[in-house]
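Notes for the structure review
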Amino acid sequence: MFFIPGPVIAALTFPGVIVHEAGHLFFCRLFKLQVYDVCFFRFGNPAGYVIHGKTNQFLPLFFVSMGPFFANTLLCMVFCTAAFLPVWELKVSDPLAYFFYWLGLSIGMHAFPSTADLSNMWELAPQRAKQGNVLAIISLPLVGILYLLNFARMFWADLGYGIAVGILGPIALFRLLALA
Amino acid sequence: MQEATCAGCGLTANVKSFYRFDDRIYCEPCVGKVSGEATTQGRPAQYVALKDNSVCVRCGADNGQVDFPLVGDKPFCPRCGELVTQWPYPVWLKTSLAFMLALLLVALIHGKKYFRAGSDMYKGERLVHEGHYAEALPYLQRTIEIAPGSDKAVLLLSRAALLTGNVEIAQKAIQGHNGGNFEDTDNQDFREVDALWKRAVSALDKVEQASKLVEQDGHAEEAAHLVHEAAAEYPELSGLAITAETFDEGADFERKDYDGFLAITQRQWNQFPSSQTAAAMASALACKYAVTGDAQYRQQAEAMLDKAHHLGANDPAQNKSYEEYAQRIQYRLKSREIISPSEYNRRFRANQTKQE
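Bear in mind that the values here come from a model prediction, so they are computed numbers and not experimental data. (Residues numbered from 1 in each chain as written. Chains lettered and ligands numbered in written order. Predicted model: local features only at pLDDT ≥ 70, side-chain atom pairs only at ≥ 80, totals over all residues. Heavy atoms only, no water.)

Comments concerning the packing of helix 4 (residues 112-129) of chain B against helix 6 (residues 151-162) of chain B
Residue and element names in this part refer to chain B.
- It is at 10 Å that the axes of helix 4 and helix 6 come closest, and there the two elements cross at 40°. It follows that helix 4 is oblique to helix 6 by the angle criterion. Where helix 4 crosses over helix 6, the two elements pack in a sense that is left-handed. When helix 4 is examined against helix 6, the residues Met121, Tyr122, Glu125, Val128 and His129 are found in contact with a partner set consisting of Lys152, Ala153, Leu156, Arg159 and Ala160.
- Split into classes, the residues belonging to the contact of helix 4 with helix 6 amount to six nonpolar, one polar and three charged. (Axes fitted to C-alpha atoms, helices over the stretch in contact; angles between N-to-C directions. Helix = DSSP H or I, 4+ residues; strand = E, 2+ residues; numbered from the N terminus. Parallel < 35°, antiparallel > 145°, perpendicular 65-115°, else oblique. Left-handed = near helix turned anticlockwise from the far one by under 90°. Contact = heavy atoms within 4.5 Å. Nonpolar A, V, L, I, M, F, W, Y, C, P; charged D, E, K, R; others polar.)

Now the structure itself:
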């Protein structure tokens, strides 16, 4: 294992940071939460942020916190799918395909919600789960897993996640298509 | 900015530094004092901090004595109020997104051939795993046209081709893949194909060796034995079994076992009627005529020779071949003497070649 400073990783994978923050902003606007400040990318920690108003409703909180996780995962899969076959399976040297693989992996690497996002969810989820909120019930184990993965970032869990989504996703997709 | 005056000590300052207790306004030291007294007397002691809603919390704009409207629970100037409720997407972000989507569209159109090749490869892979090797071939051949450098596709195609006796297809695929070099020669798929390839090449080497032997008189038996070995070694190439039978004809001819010779040629003619099998049968019938003198064999031989001529009429190569063997068979019928092709050439064609 080797250490690369966070800002260097963020700079190399900057599209993922931008997409992640754009996801937060999108869901804030969708659920009409106030946005006090937005930084799409900077050389610092965190590499990007969206400061938004608080809410006691679980649905907006869930989507504002978890939305970027789903959006980044989906976009990672889409871009990597466009590049997966020429790069991995067909071994064709196609620069556009390599560009898309970099883009897809960069986006996938920044899918994990920050610990601040997860803390917000964790504050409200148990209470709403007790009230029978299905989304809150589902989100409890998800938040737990993502907490662990967030800590595992120092062991490149974020890159591992990007690779898993960018390779296993297209494999599953193409195998399904081949069965059709 | 709004100001307030402490009801306890008379201090006047920004309203943000004051607290409300029991409907009166106090500075921080005074509110602590009156709240403490209330606790001692058993009265409620809670107090709240006052806010200055005339200052925008985002940009610090001062509205004098007038409060800014609250957005959520915070005061914002009109410009910031609009911003926080409807934070705009920056133009560069929208442009980048549009550019990225356009690029994705280009990639999908550009990658159409890869999707097709990949889909064909997965279909081919499934068919290979199910043992439907012949059905897998066209899918994998299409993949190789796009991706000749793909280890996986080349190994799958080679495996399917070798298991159906299509050595040429396998050879073309392997040679087209970095001149036959593979990244990982330790993997199971490579080792399987390598073993198949070596088996096929060994069998074909034996056939080549047999073809050279058969050109020399007295080696037909040895040649037939080699081809049988090849057919047993590489049974996937069904043509080898037929080739072995053809070599058996030569061995029977050399042993002067003309009944055996005729039986094989008859079977081959029945199975695969062609100019070549007709000629072979004509040759065997001519041998039978030569040794028995039975005119029926002669008539049948002549009839088969006609068929051989007729069936190969449209093929220049077969026409040329007909001219070569027809003379020998006619000589056999005329003279009732059975001589090997090399002996016939020595006697009757040596001069022709020199004259040519």
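What follows picks up the thread again.
Regarding helix 2 (residues 14-30) of chain A
Residues and elements named next belong to chain A.
- In a regular helix each residue adds 1.5 Å, so 17 residues correspond to 24 Å; helix 2 covers 24 Å between its end C-alpha atoms and thus fits that length.
- For helix 2, the buried fraction is high: 13 of the 17 residues fall into the buried class.
- Lys32 sits one or two positions beyond helix 2 and adopts a positive phi of about 55°. (Expected span 1.5 Å × (residues − 1). Buried < 20%, exposed > 50% of the residue type's maximum accessible area, 1.4 Å probe, protein only.)

Section: the packing of aromatic side chains
- What the rule picks out here adds up to 29 aromatic pairs over all chains.
- Residues Trp88 of chain A and Tyr101 of chain A carry aromatic rings whose centres are separated by 6.2 Å and whose planes lie at 65° to one another, so their mutual orientation is edge-to-face. In this pair, Trp88 of chain A sits in helix 3 (residues 58-89) while Tyr101 of chain A sits in helix 4 (residues 95-109), placing the two residues 13 residues apart along the sequence.
- On the accessibility criterion, Trp88 of chain A (41% relative accessible area) is partly exposed.
- Centroid distance Phe99 of chain A to Phe100 of chain A: 5.6 Å. Interplanar angle 70°. Geometry classified as edge-to-face.
- Exposure remark for Phe99 of chain A: the relative accessible area of 31% places this residue in the partly exposed category.
- Grouped by ring-pair contacts, the aromatic residues Phe26, Phe27, Phe31, Phe58, Phe62, Phe63, Phe69, Phe70, Phe112 and Tyr161 of chain A constitute a single cluster.
- The ring of Tyr289 of chain B carries Arg336 of chain B above its face, with NZ or CZ at 5.6 Å from the centroid. (Phe/Tyr/Trp six-rings, centres within 6.5 Å; stacked < 30°, edge-to-face > 60°. Lys NZ or Arg CZ within 6 Å of the ring centre and 35° of its normal.)

Side note on the sheet that holds strand 5 (residues 48-49) of chain B
All names here are of chain B.
- Taken together, the three strands give an open sheet; going across it, the order is 4-3-5, and neighbouring strands pair in antiparallel fashion. Two strands lie at the open edges of the sheet, namely strand 4 (24-27) and strand 5, each paired on one side alone.
- Here strand 3 (residues 18-21) runs beside strand 4; their pairing, made up of four bridges, is antiparallel. Within the sheet, the bridge partner assigned to Phe18 lies in strand 4 and is Cys27.
- Where helix 1 (residues 28-40) meets the sheet, its contacts fall on strand 3 and strand 4, and the angle it forms with strand 4 comes to roughly 120°. (Pairing = 2+ DSSP bridges.)

As for the interface of chain B and chain A
- Taken together, the contact pairs 37 residues of chain B with 33 residues of chain A.
- In this assembly, chain B packs against chain A so that about 3,100 Å² is buried in total across both faces, 69% of it on carbon and sulfur atoms.
- Here chain B is connected to chain A by one salt bridge.
- The interface formed by chain B and chain A contains nine residue pairs in polar contact (both at pLDDT 80 or more).
- Of the residues belonging to the side of chain B that touches chain A, the class tally is 23 nonpolar, seven polar and seven charged. (Buried area = accessible area lost by both parts, 1.4 Å probe. Salt bridge = Lys/Arg side-chain N within 4 Å of Asp/Glu carboxyl O. Polar contact = N/O pair within 3.5 Å; in protein donor to acceptor, adjacent residues only side chain to side chain.)

Examining the packing of helix 6 of chain B against helix 8 (residues 188-214) of chain B
Residues and elements named next belong to chain B.
- Running from N to C, helix 6 and helix 8 point in directions that differ by 35°, and their axes come no closer than 10 Å. The two elements helix 6 and helix 8 cross, and the hand of that crossing is left-handed. Contacts between helix 6 and helix 8 involve Leu155, Ser158, Arg159 and Leu162 from the former and Asp189, Phe190, Glu192, Val193, Leu196, Trp197 and Ala200 from the latter.
- Its residues assigned to classes, the contact of helix 6 with helix 8 comprises seven nonpolar, one polar and three charged.

Concerning the confidence of the model for chain B
- Of the residues in chain B, 98% reach a pLDDT of 70 or more, and the chain-wide mean stands at 90.
- Across the whole predicted complex the pTM is 0.68, and at the interface the ipTM reaches 0.86. (pLDDT = per-residue confidence, 0-100.)

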